[in-house]
Amino acid sequence: METEILTIFNEQQNPIGTATREEVHRLGHWHETFHCWFVAKENGQDMLYLQLRSSMKKDYPNLLDITAAGHLLSTESVEDGVREIQEETGITVSFEDLDSLGIIPYSMKKPNMIDNELAHVFVYHTEHKLNDFHVQQEEVAGIYRVAFQDFAKLWKREMENIPCLGFTHTEYGEKLIHEKMISKSDLVPHPDSYYQAVIHGIYDELLKGRGICH
């Protein structure tokens with residue numbers, strides 16, 4: 001994975017060459033990623049699906065994250081990013097069924113890694129339920145759903161903890177459904193500006209779907 005070849009960009013978002021994934025994160029090159037957030041209407045309430053990253057992940061293990069996301073290789077287009085959805089969730093989605101929130105650039109830094117991403121962010125309005133997800137267990141430990149309004153309040157600091165329902169797997173591969181309370185510390189520490197942009201974008205998409213101009 002560290003030898004994957006990615007296109008690298010300058011701060012004006014113009015391509016300037018390629019580099020390995022290891023070099024990209026070591027040197028802090030800007031690169032493209034694909035993010036897809038699943039949103040569903042359940043019992044009259046807008047719900048957001050989150051993936052639980054596997055304990056085997058090198059970065060941010062055991063934290064909740066975007067429903068499906070990954071790096072775009074130098075040979076891939078943004079449309080090819082839908083492979084991440086199928087690989088991580090077991091759900092096949094057509095690119096035409098996604099709503100774009102545009103490109104959200106952001107930076108994350110930690111020891112031995114500078115992650116400068118040009119994230120192509122999408123929303124998928126789905127009718128799938130928890131039982132429809134069949135995750136790639138070496139990448140994804142489970143799937144959880146939260147009320148979108150609660151998620152928004154978490155990042156507005158109007159709530160410190162929110163309830164979520166989801167599943168992980170037993171050692172025998174069976175789904176174990178359970179509820180728990182989560183806080184911001186349970187989520188991958190993408191910058192607040194990223195989460196706020198996503199929340200605003202999803203909110204606008206929900207209003208648009210109801211024929212309401214914002």
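Coordinates for the structure precede this section.
Residues numbered from 1 in each chain as written. Predicted model: local features only at pLDDT ≥ 70, side-chain atom pairs only at ≥ 80, totals over all residues. Heavy atoms only, no water.

**Quick word on the layout of surface pockets**
A probe as big as a water molecule, rolled over the atoms, marks out the empty space that is left.
Move 1: Volume-wise, the largest pocket comes out at about 800 Å³.
Move 2: In terms of lining, the largest pocket is formed by 37 residues, of which the most central are Arg21, Arg53, Lys57, Asp59 and His71.
Move 3: Residue composition of the lining of the largest pocket, grouped by class: 10 nonpolar, 9 polar and 18 charged.
Move 4: Considering only enclosed or pocket space, the second largest pocket measures out at about 180 Å³ in volume.
Move 5: Together, Phe148, Gln149, Ala152, Lys153, Trp155, Lys156, Gln196, Ile199, His200 and Tyr203 line the second largest pocket.
Move 6: Secondary structure elements with two or more residues in the lining of the second largest pocket: α3 (148-155) and α4 (192-209).
Move 7: Per-element accounting of the lining of the second largest pocket gives the leading share, 5 residues, to α3.
Move 8: Looking at the lining of the second largest pocket residue by residue, the class counts come to 5 nonpolar, 3 polar and 2 charged. (1 Å grid on protein atoms, 1.4 Å probe; cavity = no way out; pocket = protein on both sides within 12 Å on 5 of 7 lines; lining within 4 Å. Points joined across faces, edges and corners; volume = space filled by probe spheres on them. Nonpolar A, V, L, I, M, F, W, Y, C, P; charged D, E, K, R; others polar. Helix = DSSP H or I, 4+ residues; strand = E, 2+ residues; numbered from the N terminus.)

**Description of the packing of aromatic side chains**
Move 1: The final tally for this structure, using the stated rule, is 11 aromatic pairs.
Move 2: Consider the rings of Phe38 and Phe133, whose centres lie 5.7 Å apart with planes at 45°: the pair is tilted. Here Phe38 is found in strand β3 (residues 30-42), whereas its partner Phe133 is found in the loop between β8 (113-126) and β9 (140-147), with 95 residues between them in sequence.
Move 3: Aromatic ring contacts, followed pair by pair, group Trp37, Tyr106, Phe151, Trp155, Tyr194 and Tyr195 into a single cluster.
Move 4: If you follow Lys110 out to its NZ or CZ, it ends over the ring of Tyr60, 4.5 Å from the centre. (Phe/Tyr/Trp six-rings, centres within 6.5 Å; stacked < 30°, edge-to-face > 60°. Lys NZ or Arg CZ within 6 Å of the ring centre and 35° of its normal.)

**Quick word on the side chain of Glu117**
Move 1: In this structure, Glu117 sits in strand β8.
Move 2: Although Glu117 is buried, it forms no salt bridge, and the closest oppositely charged side chain is Arg21 at an N-O distance of 7.9 Å.
Move 3: In terms of polar contacts, Glu117 uses its side chain to reach the side chain of Thr33, at 2.8 Å.
Move 4: Filtering out sequence-adjacent residues up to four positions away, Glu117 remains in contact with Trp30, His31, Thr33, His35, Ile104, Pro105 and Tyr106. (Buried < 20%, exposed > 50% of the residue type's maximum accessible area, 1.4 Å probe, protein only. Lys, Arg positive; Asp, Glu negative; His and termini not counted. Salt bridge = Lys/Arg side-chain N within 4 Å of Asp/Glu carboxyl O. Polar contact = N/O pair within 3.5 Å; in protein donor to acceptor, adjacent residues only side chain to side chain. Contact = heavy atoms within 4.5 Å.)

**Describing the pattern of salt bridges**
Move 1: Per the stated rule, a full pass over the model turns up 13 salt bridges.
Move 2: Two residues, Glu22 and Arg26, come together in a salt bridge whose shortest N-O distance is 2.7 Å. In this pair, Glu22 and Arg26 both sit in helix α1 (residues 21-27), 4 residues apart, roughly one turn of the helix.
Move 3: Judged by relative accessible area, Glu22 falls into the partly exposed class, the value being 30%.
Move 4: A residue is classified by how much of its surface remains accessible, and Arg26, at 45% relative accessible area, is partly exposed.
Move 5: For Asp65, the salt bridge is made with Arg53, and the minimal N-O distance between the two is 3.3 Å. Residue Asp65 is found in strand β5 (residues 64-65), and its partner Arg53 is found in strand β4 (residues 45-53); the two are separated by 12 residues along the sequence.

**Remarks on the nonpolar core**
Move 1: Membership of the largest hydrophobic core comes to 36 residues, with the highest contact counts inside it found for Trp37, Leu48, Leu50, Phe151, Leu187, Tyr194 and Ile202.
Move 2: Counting residues per element, this core draws most heavily on α4, at 6 residues.
Move 3: Judged by nonpolar contacts, the second largest core, of 21 residues, contains Val82, Ile85, Leu130 and Ile143. (Core = buried A, V, L, I, M, F, W, Y, C linked by side-chain atoms within 4.5 Å.)

**So, unusual backbone geometry**
Move 1: Unusually for a residue other than glycine, Asn112 sits at a positive phi of about 70°.
Move 2: Among the structural elements, Asn112 can be located in the loop between β7 (99-110) and β8.
Move 3: Among the residues examined, Asn112 registers a relative accessible area of 80% and is labelled exposed.
Move 4: Located in the positive-phi region is Arg157, a residue other than glycine, with phi close to 65°.
Move 5: A residue is classified by how much of its surface remains accessible, and Arg157, at 60% relative accessible area, is exposed.

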